[in-house]
Each structure stands twice: as structure tokens, then as C-alpha cells.
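Topology and contacts: notes
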Amino acid sequence: MSAMKTNAGNFFEDFSVGQVIEHATPRTVTDGDRALYGAIYPTRFAVPSSAEFAASVGLTAHPVEELIGFHVAFGKTVPDVSINAVANLGYAECRFHVPVVPGDTLRTRSEVIGLKQNSNGRTGVVWVRSTATNQRGEVAIDWARWVMVHKRSADSPAPGTVVPSLADVVAPEDLVVPAGLDFSSYDVVAAGEPHRLGDYEMGERIDHVDGVTLTDAEHMMATRLWQNTAKVHFNTDARPDGRRLVYGGHVISLARALSFNGLANAQLVAAINAGAHVAPAFAGDTVHAWSEVLDTAILDAPGVGALRLRLVATRGRDESMTLRSDDGTYADGVLLDLDYWALVPR
């Protein structure tokens with residue numbers, strides 16, 4: 001018999017704190033990614049939609065949606081970090097450093113920064129910090145995430161517990177504004193809404209009104225586009241209920257696209273402070289979204305400000321925009337709770 005050439009992926013006991021993983025398959029982003037992203041998600045933000053608009057605000061190279069870069073970079077990590085995951089639990093300290101444009105090639109590396117075995121002895125939580133660089137060696141995106149992973153054997157000894165300290169929010173002064181960005185002559189007509197930084201108030205909630213019904217074909221196409229190989233998204237044998245689990249990033253992109261109605265001028269995602277996939281989503285669910293304004297900031301770039309936003313995706317429309325029940329747990333129907341910074345005109 002020949003030696004085993006296939007790879008079942010890493011289980012919890014295969015990780016060690018300080019371990020660095022260079023992920024395979026660098027991926028070149030093309031205008032095809034932009035077109036497919038627009039076919040899958042109802043995005044209408046002017047900067048990634050219009051090269052002319054992007055140039056008018058100082059971005060002569062026309063960037064794609066930030067989440068295209070994030071999904072591509074994230075997808076690289078799946079075969080090594082989360083192929084044997086139970087669930088992706090959260091994100092922190094995600095910053096978008098350099099806009100991704102067609103022709104850029106992204107590659108990703110991850111460092112294990114924390115481990116904690118669960119009390120059941122069958123799973124554990126792995127924390128990693130991942131960095132995506134382009135073909136020039138520039139950091140395009142970096143982020144931390146934590147994921148619950150199956151153990152290969154419940155009898156394997158537990159590693160020492162290390163829980164990393166992660167910031168609750170990326171400070172405004174640490175946000176990276178793309179070189180040349182200038183919103184001082186911002187065209188609100190082309191963008192679709194007149195609302196600027198000063199038109200939003202902390203605590204304000206915005207119902208984005210529209211909804212999109214998930215289909216197996218679309219979420220599987222999207223997940224393959226990002227080369228995300230997690231079994232639960234494709235293989236009905238991977239879950240006891242025989243259902244394909246929708247990739248959490250698919251819900252993020254749907255909710256971000258739906259937020260255009262009320263936040264059309266939140267043009268660029270600068271950072272993701274925190275994120276939780278609160279409940280699983282499946283084909284047939286109809287995703288709606290609402291946002292809450294958490295903070296505002298004036299940045300050191302002409303006409304540029306930042307909105308810190310909570311983006312909430314729900315199964316079905318929740319006109320009351322309720323995040324949590326009286327007992328402090330997430331309200332029924334909440335799928336996603338995402339805290340992020342977006343660059344807006346002021």
C-alpha cells in the first residue's frame with residue numbers, strides 16, 4: 001500500500017500556541033470576482049460599482065468590495081484551521097490596510113495565538129491571527145478569529161489553556177484610510193443618498209427594509225468562489241440533520257449589501273471590531289438586516305469620517321429591531337451581530 005497522500009486537516013490536538021501556518025493556493029482577484037459578487041449579493045455601493053466614482057474620490061485604481069478580499073483571504077485558512085470545525089465563533093481586530101484591486105494576488109498565513117479545550121473533552125477552541133498580503137508583500141487585511149474544532153480523539157491530553165487578550169474595538173486612530181482618499185467633492189447624487197457623518201446619531205437604528213431568501217445554489221457557489229472547503233457548506237453527510245450550513249461570510253455580505261438602503265454612503269469597510277454568527281442559516285431562510293450607530297469619528301483625510309456600526313442580520317424582518325431578549329441572550333431570529341467601522345463623507 002502506498003503512503004497516505006490525502007490530508008484530513010488539523011484537529012484540535014494538532015495545534016500549538018505560536019505555530020505558524022502558511023496557507024496554500026495564492027489567489028488572484030479579477031474583475032470576474034466583482035461581477036460574480038454583484039450577481040450573488042445585491043450590492044450597490046458606488047466606490048466598488050463605478051471606476052469613475054472611485055477615481056472622483058481619489059482611488060485611481062478601482063477597488064473591489066473589501067469583503068471580496070476578506071472572503072478570499074479567509075478561504076485560504078479553512079483547510080488548515082477550520083476544516084474540522086464545529087462552528088466559527090467570532091472575529092476581532094480586523095483591519096483593511098490596502099484596497100484590493102483586480103490583478104492583486106492574495107496569500108495568507110496564520111499564527112495560533114490561543115487554545116482552550118472544552119469541558120466535554122471532544123472539542124476545543126483555537127484562536128488564530130491571520131494576515132493576507134498582496135504580490136508586493138503589503139498587508140492587505142489582518143484579523144483574529146476563534147473557532148471550535150473537533151478533537152481527533154477524546155483521549156488526547158488537553159493542552160495548556162491560553163486565551164489571548166483582544167481589543168473590543170479598533171481605535172479610530174488605528175483605522176487605515178486608503179492613500180489619496182478625498183471625500184471633499186463627494187457626489188451624493190451618484191452615491192444614492194445625501195446622508196453624511198453629521199446626519200447620524202449614536203444609538204440611531206436603521207431598518208434596511210429589504211430581504212433576500214437564501215438558496216443552496218447561491219451560497220454554495222459563493223463559498224466555492226472563495227475556495228472555502230468546509231464540509232458543512234456542501235456535503236449533506238457532514239451534519240446529522242443532512243442540511244447544508246450557509247457560510248457565515250455569505251450572511252455578512254448579504255447584510256452589508258442590504259445596508260445600502262439607509263447607509264449608501266458607508267462606502268468603505270475600514271475595520272471589523274467584533275462579529276458573532278449567532279445562529280445557523282440554511283436555504284429557505286429570508287435574511288433581513290438593520291444597523292445601529294455605535295460611534296462616529298473624524299479622520300485625518302479630506303472630507304472623510306467614520307461610522308462605527310452594528311450590523312444585525314435576522315431570519316425574517318424584525319421591525320422592532322430587537323438584538324437581545326430580556327434575559328440578555330440574543331433574540332430569536334438573530335443570525336449575525338457584526339461591529340465594524342465604515343468610511344463616510346463628512
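To be clear, the structure that these remarks concern was listed above.
Here the structure is a predicted model, which is why all the values come from computation and not from measurement.

Another aspect to go through is helix α6 (residues 216-225). Every buried residue of α6 is accounted for by His219, Met220, Ala222, Thr223 and Leu225. Trailing α6 by a residue or two, Gln227 shows a phi angle of about 55°, which is positive.

With that out of the way, let us pick up the packing of helix α1 (residues 31-40) against helix α4 (residues 66-82). Orientation of α1 relative to α4, taken along the N-to-C sense of each, is 105°, at an axis distance of 11 Å. The angle between α1 and α4 falls in the class roughly perpendicular. Side by side, α1 and α4 meet where Asp33, Arg34 and Tyr37 of the first sit next to Leu67, Ile68 and His71 of the second. Here the contact of α1 with α4 is composed, by residue class, of three nonpolar, one polar and two charged.

The next point concerns empty space enclosed by the protein. Here the structure, examined in full by the defined rule, presents two cavities of 30 Å³ or more. Estimates place the volume of the largest cavity at around 170 Å³. What lines the largest cavity is a set of 18 residues, among which Glu66, Phe96, Val98, Pro99 and Val269 lie closest to the centre. With three residues, the single largest contributor to the lining of the largest cavity is strand β8 (residues 268-277). Broken down by class, the residue content of the lining of the largest cavity amounts to 14 nonpolar, two polar and two charged.

Judged by nonpolar contacts, the single largest core of 59 residues is most densely connected at Tyr41, Phe70, Ile141, Trp143, Trp226, Leu307 and Tyr340. At seven residues, the largest contribution of residues to this core is made by α4. In this structure Tyr340 touches Arg256, Ser259, Val269, Ala271, Ile272, Asn273, Leu307, Arg308, Leu309 and Leu311, once residues within four positions along its chain are discounted. Counting 22 residues, the second largest nonpolar core, distinct from the first, contains Val170, Tyr186, Ala191 and Ala301.

Quick look at the packing of aromatic side chains now. For any pair of aromatic rings, the description consists of the separation of the ring centres together with the inter-plane angle of the planes. Scanning the model with the defined rule gives 10 aromatic pairs in all. Plain terms: the ring middles of Tyr37 and Tyr41 are 4.7 Å apart, the flat faces sit at 55° to each other, and that makes the pair tilted. The residues Tyr37 and Tyr41 share a single accessibility class, namely buried. Relative to Tyr186, the ring of Phe53 lies with its centre 5.5 Å away and its plane at 90°, an arrangement referred to as edge-to-face. Separated by 133 residues along the polypeptide, Phe53 in helix α3 (residues 51-56) and Tyr186 in the loop between β6 (139-150) and α5 (188-191) bring together distant segments of the chain. Pair check on accessibility: Phe53 and Tyr186 agree, each one buried. Each member of the aromatic cluster is reached from another via a ring pair, and the members are Phe70, Phe74, Tyr91, Trp143 and Tyr247. The side chain of Arg243 reaches across the aromatic face of Phe282, ending 3.9 Å from its centre. Arg324 extends its terminal NZ or CZ atom over the ring of Tyr330, reaching a point 4.0 Å from the ring centre.

Definitions and cut-offs
Residues numbered from 1 in each chain as written. Predicted model: local features only at pLDDT ≥ 70, side-chain atom pairs only at ≥ 80, totals over all residues. Heavy atoms only, no water. Buried < 20%, exposed > 50% of the residue type's maximum accessible area, 1.4 Å probe, protein only. Helix = DSSP H or I, 4+ residues; strand = E, 2+ residues; numbered from the N terminus. Axes fitted to C-alpha atoms, helices over the stretch in contact; angles between N-to-C directions. Parallel < 35°, antiparallel > 145°, perpendicular 65-115°, else oblique. Contact = heavy atoms within 4.5 Å. Nonpolar A, V, L, I, M, F, W, Y, C, P; charged D, E, K, R; others polar. 1 Å grid on protein atoms, 1.4 Å probe; cavity = no way out; pocket = protein on both sides within 12 Å on 5 of 7 lines; lining within 4 Å. Points joined across faces, edges and corners; volume = space filled by probe spheres on them. Core = buried A, V, L, I, M, F, W, Y, C linked by side-chain atoms within 4.5 Å. Phe/Tyr/Trp six-rings, centres within 6.5 Å; stacked < 30°, edge-to-face > 60°. Lys NZ or Arg CZ within 6 Å of the ring centre and 35° of its normal.

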